[in-house]
Structures are given as structure tokens and as C-alpha cells.
Amino acid sequence: MSNIIPAEKRSIVTFVLLAGLIGSALLFTAFIRSADDAFFLCSTASAKSRAVAAAADYSATPIQLQAIVHYATSTITPQQNIHEISISFNVLKELAPANFLVFGLGLDSLMWASLNPRGKTIFLEEDLEWFQKVTKDSPFLHAHHVRYRTQLQEADKLLRSYKTEPSCFPAKAYLRGNERCKLALTGLPDEFYDTEWDLIMLDAPKGYFAEAPGRMAAIFSAAVMARNRKKPGVTHVFLHDVNRRVEKTFAEEFLCAKYRVHAAGRLWHFAIPPAAANTTIDGGDYRFC
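Here is a short report on the structure shown in this document.

What counts and what doesn't
- Residues numbered from 1 in each chain as written.
- Predicted model: local features only at pLDDT ≥ 70, side-chain atom pairs only at ≥ 80, totals over all residues.
- Heavy atoms only, no water.
- Helix = DSSP H or I, 4+ residues; strand = E, 2+ residues; numbered from the N terminus.
- Buried < 20%, exposed > 50% of the residue type's maximum accessible area, 1.4 Å probe, protein only.
- Areas by Shrake-Rupley, 256 points an atom, 1.4 Å probe, with all protein chains shown as cover.
- Arc of directions from axis to C-beta.
- Core = buried A, V, L, I, M, F, W, Y, C linked by side-chain atoms within 4.5 Å.
- Contact = heavy atoms within 4.5 Å.
- Disulfide = S-S within 2.5 Å.
- Pairing = 2+ DSSP bridges.
- Axes fitted to C-alpha atoms, helices over the stretch in contact; angles between N-to-C directions.
- Salt bridge = Lys/Arg side-chain N within 4 Å of Asp/Glu carboxyl O.

Next up on the list: the overall build of the chain. The helix and strand inventory of the chain stands at ten helices and seven strands. Here the chain, with 289 residues, has 49% of them falling under the buried criterion. When the accessible area of the chain is evaluated, it comes to approximately 14,400 Å², of which 57% is carbon and sulfur surface.

All buried positions along helix α3 (residues 62-72) are accounted for by Ile 63, Gln 64, Gln 66, Ala 67 and Tyr 71. The buried residues of α3 occupy an angular sector of 160° when the element is viewed end-on, so they sit on one face. Turned more than 90 degrees from where α3 packs its buried face, Pro 62 and Val 69 sit exposed.

By size, the foremost hydrophobic cluster in this structure holds 49 residues, and its most contacted members are Phe 103, Phe 192, Phe 220 and Phe 254. Per-element accounting of this core gives the leading share, ten residues, to helix α9 (residues 216-227). Excluding residues that lie within four positions of it along the chain, Phe 192 makes contacts with Leu 101, Phe 103, Leu 124, Leu 175, Leu 185, Trp 197 and Met 225. If you look at the next biggest cluster of nonpolar residues, it comprises 27 residues, including Tyr 71, Phe 89, Leu 115 and Leu 141.

Turning to the state of the cysteines, a few remarks are in order. Covalent bonding between the sulfur atoms of two cysteines defines a disulfide. Scanning the entire structure with this criterion turns up two disulfides. For Cys 168, the disulfide goes to Cys 181, at an S-S distance of 2.0 Å. The disulfide joining Cys 168 to Cys 181 has a torsion of about 115° about its S-S bond and is therefore right-handed. Here Cys 168, found in the loop between α7 (155-161) and α8 (190-194), pairs with Cys 181, found in the loop between α7 and α8; they are 13 residues apart in sequence, far enough to count as distant. Residue pairing for Cys 256: its cysteine sulfur links by disulfide to Cys 289, the two sulfurs lying 2.0 Å apart. Between Cys 256 and Cys 289, the S-S dihedral sits near -90°, and the bridge is therefore left-handed. With Cys 256 in the loop between α10 (245-255) and β6 (260-264) and Cys 289 in the segment after β7 (267-272), this residue pair connects regions lying 33 residues apart in the sequence. For Cys 256, a relative accessible area of 1% puts it in the buried group. The exposure class assigned to Cys 289 is partly exposed, which follows from its relative accessible area of 44%. Counting only the cysteines that form disulfides, in the order they appear in the chain, gives the pairing 1-2, 3-4.

Read across the open sheet, the seven strands follow the order β3-β2-β1-β4-β5-β7-β6; overall the sheet is mixed. One side of each edge strand has no neighbouring strand; the edge strands of this open sheet are β3 (143-145) and β6. If you compare each strand with its neighbour and ignore which way they point, the axes differ by 15° on average. Pairing geometry for strand β4 (residues 199-202) and strand β5 (residues 235-240), over four bridges, is parallel. Residue pairing in the sheet places Leu 199 in a bridge with His 236 of β5. Across the sheet, helix α4 (residues 82-95) lies against β1 (99-103), β4, β5, β6 and β7, angled at about 165° from β5, the strand it touches most. Packing of α10 onto the sheet brings it into contact with β5 and β7, and relative to β7 it is tilted by some 10°.

Further remarks concern the pattern of salt bridges. This model, assessed by the stated rule, comprises 19 salt bridges. The residue Lys 206 makes a salt bridge to Glu 126 at a minimum N-O spacing of 3.7 Å. Of this pair, Lys 206 sits in the loop between β4 and α9 while Glu 126 sits in the loop between β2 (120-125) and α6 (128-137), and the two are 80 residues apart along the sequence. Residue classification places Lys 206 among the partly exposed residues on the basis of a relative accessible area of 22%. The exposure class of Glu 126 is buried, given its relative accessible area of 14%.

Have a look at this one:
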């Protein structure tokens with residue numbers, strides 16, 4: 001049919017969109033830098049001239065340049081579509097440089113890192129072979145190989161059993177060393193626990209066969225980290241593949257419909273406030289929402 005776009009043209013269109021996003025990140029960072037410089041100037045005229053000069057002097061980070069070259073020379077495109085990507089990008093434009101935690105290494109990892117210039121972007125990946133391949137091709141990425149304690153086939157059991165385990169309750173839940181709560185992510189690198197994350201992208205681990213880890217623990221742990229936040233502001237959590245039953249069910253249980261602020265395609269965006277910003281919580285109540 002005449003309205004179907006050929007594959008090669010789709011690749012070109014996708015590259016143009018990705019280049020636009022990365023280019024926008026470059027311009028946005030230049031603007032922030034110029035605005036910071038201009039803040040201390042006395043007159044409006046001199047502030048404008050300094051802002052223009054600072055923007056012109058701005059240099060891209062190595063990972064941004066690598067991302068542009070990568071997507072310009074590859075026919076492989078990210079897993080998320082442009083509408084899904086734009087939701088996270090809009091938040092990064094407001095917060096960058098930010099602390100950005102991404103579950104999963106993928107075809108979009110270079111893009112995510114480049115959209116958070118001079119911020120802290122960390123990737124967690126459970127597939128060792130895939131981890132080695134991606135980090136070999138993209139050594140600029142800050143990534144960790146991790147292991148999970150769950151399997152997708154346990155999802156329903158985990159959803160029932162956490163309600164009787166006090167160390168899983170929202171008022172008492174913690175992650176590092178919490179062996180009693182199977183939904184808590186334990187044994188991960190120290191910086192996972194020691195960093196307050198501004199954005200958390202849940203696009204892994206695998207969740208499409210029975211023995212896969214599933215995203216149950218990642219979703220639960222994202223909720224715990226968001227609720228335990230000490231810094232001002234909310235934690236932005238992005239969950240992909242919400243068309244699948246487990247992702248949707250656990251999101252509704254722990255991330256809460258009342259905190260969902262955007263949706264596009266297979267992605268939901270939650271803005272979760274710290275527990276201190278919520279009403280008084282009963283220490284014996286298992287409910288997150």
C-alpha cells in the first residue's frame with residue numbers, strides 16, 4: 001500500500017528523530033550553562049552577551065558524540081518508540097544533570113546516557129553475554145552485571161506473600177540486606193543503594209518466559225526507593241511493557257495509579273513523592289497505594 005513507509009526510510013526517520021533528541025539535549029545543556037553564568041551579571045545586556053558566548057563555547061560530552069555517530073551509522077533503532085522516549089526526555093530536560101537508574105542494557109543505552117549530560121546514568125543488566133557485548137561496543141557506559149532472586153513464574157505467589165512479611169511493608173521496607181523480603185533487591189553494587197535516584201527506567205530484567213527474573217522486584221524496589229527519598233521533589237519512574245499482565249499488576253500494586261502522570265504506547269510514567277509527603281502510614285499496613 002502507498003501509505004506504508006519502507007524499512008530503509010523508517011530507519012532514516014528514526015535516526016532523524018533520535019538525532020533531534022540528542023541535539024536538543026546538547027542545546028538544553030548549553031542553555032543551562034549559559035543561564036548559570038548569566039545569573040551573576042548585573043545588567044540585562046551583559047547577561048545576554050555572556051549567555052550567547054557561553055552557549056557558543058559549549059562542547060558536547062564524549063558519550064553524546066559517540067551516540068550521534070552510533071545512531072547515524074546503524075540501522076538498529078531503540079526498543080521504545082519516539083512517543084515513549086519523549087516522556088522521559090521531557091523530564092531529563094528539566095532535571096539534567098540528574099541521577100538516572102536504568103534497568104537493562106539495550107539498543108537505546110547510548111541514547112539514555114547522552115540525554116543526561118554530566119549526570120550520573122547507571123545501567124543494570126542480568127544477561128552476562130549481552131552485558132559483555134554491549135559494554136565492549138560501548139565502553140563509555142557505566143553498567144553493572146547483576147543477579148535477581150526471583151522468577152516470573154513466582155509473580156502471583158510473591159504478590160500474596162509480601163502482605164504477610166513486615167519487612168516488605170511500606171513503613172518498614174528497605175533494600176540492602178533485606179533477605180526476608182524476596183521482592184527487595186539485595187546484593188547489588190553499593191552505588192545502587194547509596195544514590196538517591198531522580199529517574200528510574202524499568203525496561204528490564206526479562207519478563208517473557210517462566211524462568212526469567214521478571215520485573216516484580218525491580219518495580220517493588222523502585223517504589224521503596226522513591227518513598228525513602230530524602231531530597232526534595234518526586235522520583236520519576238518509567239515502566240515499559242505495561243501491556244503485559246505482571247508489569248501492569250505490580251505497577252498498580254506498588255507504583256500507584258494516583259501517581260501516574262503520563263502514558264504513551266507501552267510506557268507509564270509515575271511521579272512518586274517521598275513517604276514524608278504522604279499522610280500518616282500505619283506501620284502494620286502492607287498497602288503501598
